[in-house]
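Here is what each chain is made of, one letter per residue.
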Amino acid sequence: MNETFMKEKPIFPLLLGMGMPVVLSMLVNSLYNIVDSYFVARISENAMEALSLVFPIRNFINDMAIGFGVGVNALIATQGVVLSVIHGIILSVICIVIMPKFLGMFTGDQEVIRYGVRYASVAFLFSPIIMAGLAFEKIFQKELLFIFLNFQ
């Protein structure tokens, strides 16, 4: 591997090559909330408030998945994906259980809490799948970066 590659290459192409996959990934994850907000806002204001209160916890689960995926080495990718699924299951259960109390800290409206718990239950049930997908994404990003740097 060329040890001086990042020292010699112009900064702008490096930023584009390394930053754009991350930006695109964040955009796709943000679109999840935008699309949900568009449809949930048609139900009621309380449903929209519930969605807004649950979304930070949804981001927390994604952040955990990304952090775990970044830390996974290609040599242990299989174990990393399995552990991501296990983390997803554990986080799903914990977040679904604490959601009523969490929502109760921000609102006393029982309808908002009910909507929030219902939305969180559905959204968090997919956490194991999302966590496995994000782990794969980070593993492949690492591999692509390694290949990219080796061929320069």
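For the structure itself, look to the data block above.
Asker: What exactly am I supposed to notice about helix α4 (residues 77-104) here?
Answerer: The periodicity of an α-helix, 3.6 residues per turn, causes residues three or four places apart in sequence to face the same way. Here α4 contains 28 residues, and its C-alpha end-to-end distance of 39 Å stays within 8% of the 40 Å for a straight helix at 1.5 Å per residue. Of all bends in α4, the biggest is about 45°, found at I98, and the proline P100 comes one to four residues later.

Asker: Looking at this model, I keep getting lost on the nonpolar core. Mind explaining?
Answerer: For soluble globular proteins, the rule of thumb is that nonpolar side chains tend to be buried together. Ranked by size, the top nonpolar core spans 23 residues in total, and within it V54, I57, I61, M99, L103 and F124 carry the most contacts. For this core, the elements supplying multiple residues, two or more each, are α3 (45-71), α4, α5 (110-125) and α6 (127-150). Filtering out sequence-adjacent residues up to four positions away, F124 remains in contact with V54, I57, R58, I61, S92, C95, I96 and M99.

Asker: Looking at this model, I keep getting lost on the environment of V97. Mind explaining?
Answerer: Relative to the elements of secondary structure, V97 occurs in helix α4. With 24 residues separating them in the primary sequence, V97 and S121 have C-alpha atoms 9.2 Å apart.

Asker: Hey, could you run me through the pattern of salt bridges in this one?
Answerer: Close approach of charged atoms allows side chains with opposite charge to pair. This model, assessed by the stated rule, comprises one salt bridge. E137 is the partner of K138 in a salt bridge, and the nearest nitrogen-oxygen pair spans 3.6 Å. According to the relative accessible area criterion, K138 is buried, its value standing at 9%. We classify E137 as partly exposed; its relative accessible area is 25%.

Criteria and thresholds
- One numbering rule holds for all chains: residues counted from 1, following each sequence as written.
- Where totals are concerned, whole chains, interfaces and linings use all residues; where local detail is concerned, this predicted model gives features only for residues with pLDDT of at least 70, and gives and counts side-chain atom pairs only at 80 or more.
- Derived side-chain values reflect all non-hydrogen atoms in the structure, with water molecules and hydrogen atoms excluded from consideration.
- Secondary structure elements follow DSSP: runs of H or I no shorter than four residues count as helices, runs of E no shorter than two count as strands, and numbering proceeds from the N terminus.
- To estimate the expected span of a helix, count its residues, drop one, and scale the result by 1.5 Å.
- To get the bend at a residue, fit one axis to the 7 residues ending there and another to the 7 starting there, then take the angle between the axes.
- Definition of nonpolar core: a set of buried residues of the types Ala, Val, Leu, Ile, Met, Phe, Trp, Tyr and Cys, connected through side-chain atoms within 4.5 Å.
- For every residue, the accessible area obtained with a 1.4 Å probe (protein chains only) is divided by the maximum for its type, and the residue is called buried under 20%, exposed over 50%, and partly exposed between those limits.
- For this analysis, residues touch if any pair of their heavy atoms sits within 4.5 Å.
- Any carboxyl oxygen of Asp or Glu within 4 Å of a side-chain nitrogen of Lys or Arg constitutes a salt bridge here.

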